[in-house]
Amino acid sequence: MQVKETLSESEVLETHSGKIPVKGHTLEELTQIILELGEKPFRAKQIYNGLYANRYETWDDFSTIGKDLKEKLQEKFSLSTIHVAKHLKSVDGTQKFTFESVPGSGKEFESVWIPSGDGGRKTICISSQVGCTLNCKFCATAKLPYQGNLKAGEIIDQILQVEKIVGDRATNIVFMGMGEPMHNYFNVMRAAELLHDQEALGMGAKRITISTSGVVNGIRRFIENKEPYNLAISLNHPDPNGRKEIMDIEEKFALPELLDAAMEYTKVLKRRITFEYVMIPEVNMSPEDAKKLVKIARRLDCKINVIPLNTEFFGWRRPTDLEIKEFLRNLEPAGVPILNRRSPGKDINGACGMLAAKS
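Quick caveat, the model's predicted, so the values are computed rather than measured. (Residues numbered from 1 in each chain as written. Predicted model: local features only at pLDDT ≥ 70, side-chain atom pairs only at ≥ 80, totals over all residues. Heavy atoms only, no water.)

**Q** Quick rundown of the nonpolar core? Include the residues and the values.
**A** In this structure, Phe222 and Phe275 are the most contacted members of the largest nonpolar core, which totals 104 residues. Counting only domains with at least three residues in this core, you end up with domain 1 (20-78) and domain 2 (82-348). With residues near it in sequence (within four places) discarded, phenylalanine 222 still touches Met182, Tyr185, Met189, Ile210, Glu227, Tyr229, Asn230, Leu231, Tyr265, Leu269 and Arg271. (Core = buried A, V, L, I, M, F, W, Y, C linked by side-chain atoms within 4.5 Å. Buried < 20%, exposed > 50% of the residue type's maximum accessible area, 1.4 Å probe, protein only. Domains from an automatic or database assignment. Contact = heavy atoms within 4.5 Å.)

In structure tokens, the structure reads:
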């Protein structure tokens, strides 16, 4: 995918040191920067590879670049974009990272390292915003004030920092952390492009998933641009009225419109879509709810990831194993893949719906 926009002045933020963060720039932008510094274009490729493929952390690490250019870059550009404010480890191997763009600013966002039990799958769940503009009632992030979009460099740096600290590389990246990715479309897709580019981080598109609560215009833009990444929709209720009670986005993008966009995604891009479904007893787990969800699933090529509720807002509670078993049995007629994602990292408030909860 080619990023069609260019960075505006508001999207090129300076760090607290007064230097411009260089992470998040494309090769074309780095080339422009290098030309403006009076250097040869091929230097941009060296910087691009050093930033992303080689993961250099200081300008001195760029051994193919001369001293004069290093001094120019050192004067104007910073390689750092985010800082670790807190690092927690779960008994199940999950690790949660709280980041700040500027130390002490109070603008925190979180990422989670989630290894599978057998160690074969290693996922990083990353954030796209500081806080969130939406109010999903089951989500701790919704209780925070919205403090802005993350830039592409801040999104990418979550991956680089987490992998460095855990000493391993992720097999999968999911944009399912704090924030609504479709409300930060440009920076999210720019980060995904850098993640996917074989000259940068080189991860396969099928290992990158963008999740949305149901921002239909964002989904249609995703389809129009033929983005190569997986798409997941946080569904959480099969009935418009029931969904409106737990997700305020239903007021702007009604469920029928959302399902039409999901259908278009599967037909135009010929890819299976994922529905995420947080299970809340007495709210969305009745036999009738299951029957309606089955009806939705039969309409299009999809899979369903069910997630036990991890928060306790509004007096809600986590479903019992028996309730989960019964709900899954009621979903079997859908004939689609169904996965219980369980709750890795719950003891460190790193499970789904818990990011930015106090820990």
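**Q** Describe the pattern of salt bridges, with residues and values.
**A** The final tally for this structure, using the stated rule, is 17 salt bridges. A salt bridge links lysine 122 to aspartate 168, with the shortest nitrogen-to-oxygen separation between them at 3.2 Å. Remark: aspartate 168 occurs in the loop between α4 (152-166) and β9 (172-175) and lysine 122 occurs in strand β6 (residues 122-125); sequence separation between them is 46 residues. Take aspartate 168: its relative accessible area is 30%, and that puts it in the partly exposed class. Across the pair arginine 317 and glutamate 282 runs a salt bridge, and its minimum N-O distance is 3.4 Å. With arginine 317 in the loop between β13 (302-308) and α10 (321-331) and glutamate 282 in the loop between β12 (273-279) and α9 (287-299), the pair connects residues that are 35 residues apart, well separated along the chain. By relative accessible area, which is 68% here, glutamate 282 ends up exposed. The network of salt bridges with common partners includes Arg55, Glu163 and Arg169. (Salt bridge = Lys/Arg side-chain N within 4 Å of Asp/Glu carboxyl O. Helix = DSSP H or I, 4+ residues; strand = E, 2+ residues; numbered from the N terminus.)

**Q** Tell me what's going on with empty space enclosed by the protein, and back it up with residues and numbers.
**A** Enumeration over the complete set of coordinates arrives at two cavities of 30 Å³ or more. One number sums up the size of the largest cavity: a volume of about 50 Å³. Every residue lining the largest cavity is listed: Phe138, Val278, Ile307, Pro308, Leu309, Asn310, Thr311, Cys352 and Gly353. Split by residue class, the lining of the largest cavity holds six nonpolar, three polar and no charged. Taken as a whole, the second largest cavity spans an internal volume of roughly 30 Å³. Looking at the second largest cavity, the residues that line it are Val22, Leu30, Ile33, Ile34, Ile47, Leu73 and Phe77. The greatest single-element share of the lining of the second largest cavity, amounting to three residues, is contributed by helix α1 (residues 27-36). Across the lining of the second largest cavity, the residue classes break down as seven nonpolar, no polar and no charged. (1 Å grid on protein atoms, 1.4 Å probe; cavity = no way out; pocket = protein on both sides within 12 Å on 5 of 7 lines; lining within 4 Å. Points joined across faces, edges and corners; volume = space filled by probe spheres on them. Nonpolar A, V, L, I, M, F, W, Y, C, P; charged D, E, K, R; others polar.)

**Q** Quick one: what's the story with the domain arrangement of the protein chain, residue by residue and with numbers?
**A** Looking at the protein chain, the domain boundaries give domain 1 (20-78) and domain 2 (82-348). Here domain 1 and domain 2 have C-alpha centroids that lie 34 Å from each other. With 13 residues of domain 1 in contact, the opposing surface of domain 2 contributes 14 residues. Between domain 1 and domain 2, the buried area comes to about 1,200 Å², and carbon and sulfur atoms account for 48% of it. Linking domain 1 to domain 2 there are five salt bridges. With a closest N to O distance of 2.4 Å, glutamate 163 and arginine 55 form a salt bridge. On the surface where domain 1 and domain 2 come into contact, there are eight residue pairs in polar contact (both at pLDDT 80 or more). The element best represented in the side of domain 1 that touches domain 2 is helix α2 (residues 42-53), accounting for six residues. In terms of residue class, the side of domain 1 that touches domain 2 is built from four nonpolar, four polar and five charged. (Buried area = accessible area lost by both parts, 1.4 Å probe. Polar contact = N/O pair within 3.5 Å; in protein donor to acceptor, adjacent residues only side chain to side chain.)

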